[in-house]
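Per-entry structural report
These are the residues of each chain, in order.
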Amino acid sequence: MDIIATPFSGNVPQFDLLASTQTGSAFPVQVKAINGPSWQFNAASFLQIEIKDDYQTVLGPRQGIDQSIVCVLVLLRSAGTDAFYTLTVADLQELLRQHYKGGRRPKNPQSTHCALWPKHLAGFEGWAALLKRAHGEA
């Protein structure tokens, strides 16, 4: 794919890898792998959420986040059957906005825990988003 990547050992909180094309165009990549049914997120890390009287209202995407970071979500299954999805943080924010309902949380009104399931990631399978970003199309 003509992409070179170098990992960081946990000391860069926003991304895990820095990838580059052969011509030197670099971009950050965040990787999140699961062997369970869904990826777990704190919606407040990606969305602006107002909590008033224990009721949550999603106001939109959180500002100040580098939306061009490429996220690779990996679903670990068994040898040769793993699945992965590539999207940008902007894509991830939009998916969380669509699937995080806010409202009144029954157990903990302050919780902004949410999950994304493989069915939510249709259209992001494989390397398409990563290649698009690598070639400056994102």
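Residues numbered from 1 in each chain as written. Predicted model: local features only at pLDDT ≥ 70, side-chain atom pairs only at ≥ 80, totals over all residues. Heavy atoms only, no water.

The next thing to look at is the overall build of the protein chain. Counting secondary structure elements, the protein chain contains two helices and nine strands. Put simply, the protein chain has 138 residues, and 36% of those count as buried. By sequence separation, contacts in the protein chain at least 24 residues apart represent 54% of the contacts at least 6 residues apart. Approximately 8100 Å² of the protein chain is accessible, and the part contributed by carbon and sulfur atoms is 52%. Treating the 12 positive side-chain charges of the protein chain as one cloud and the 11 negative ones as another, the clouds have centres 9 Å apart. (Helix = DSSP H or I, 4+ residues; strand = E, 2+ residues; numbered from the N terminus. Buried < 20%, exposed > 50% of the residue type's maximum accessible area, 1.4 Å probe, protein only. Contact = heavy atoms within 4.5 Å. Areas by Shrake-Rupley, 256 points an atom, 1.4 Å probe, with all protein chains shown as cover. Lys, Arg positive; Asp, Glu negative; His and termini not counted. Charge placed at Lys NZ, Arg CZ, Asp CG, Glu CD.)

Let us now look at the nonpolar core. Among the nonpolar cores identified, the biggest contains 23 residues, and Trp39, Phe41, Tyr85, Leu87, Leu92 and Leu96 are the most heavily contacted of them. Going through the elements one at a time, strand S4 (39-42), strand S5 (47-52), strand S7 (70-75), strand S8 (83-88), helix H1 (89-99) and strand S9 (113-116) are the ones with two or more residues in this core. Counting residues in hydrophobic clusters, the runner-up holds six residues, among them Phe27, Val70, Val72 and Val74. (Core = buried A, V, L, I, M, F, W, Y, C linked by side-chain atoms within 4.5 Å.)

Right, let's talk about the layout of surface pockets for a bit. Space inside the largest pocket adds up to approximately 320 Å³. Along its surface, the largest pocket is lined by 18 residues, and Pro13, Gln14, Gln30, Phe46 and Val89 are the ones closest to its centre. For the lining of the largest pocket, the secondary structure elements donating two or more residues are strand S3 (26-34), S4, S7 and H1. Its residues assigned to classes, the lining of the largest pocket shows 10 nonpolar, six polar and two charged. (1 Å grid on protein atoms, 1.4 Å probe; cavity = no way out; pocket = protein on both sides within 12 Å on 5 of 7 lines; lining within 4 Å. Points joined across faces, edges and corners; volume = space filled by probe spheres on them. Nonpolar A, V, L, I, M, F, W, Y, C, P; charged D, E, K, R; others polar.)

Attention shifts here to the environment of Arg105. Tracing the sequence through the fold places Arg105 in the loop between H1 and S9. Setting aside anything within four residues of it in sequence, one finds Arg105 in contact with Gln56, Tyr100, Ser111 and His113. Here Tyr100 takes part through its side chain, which lies 2.9 Å from a polar atom of the side chain of Arg105. (Polar contact = N/O pair within 3.5 Å; in protein donor to acceptor, adjacent residues only side chain to side chain.)

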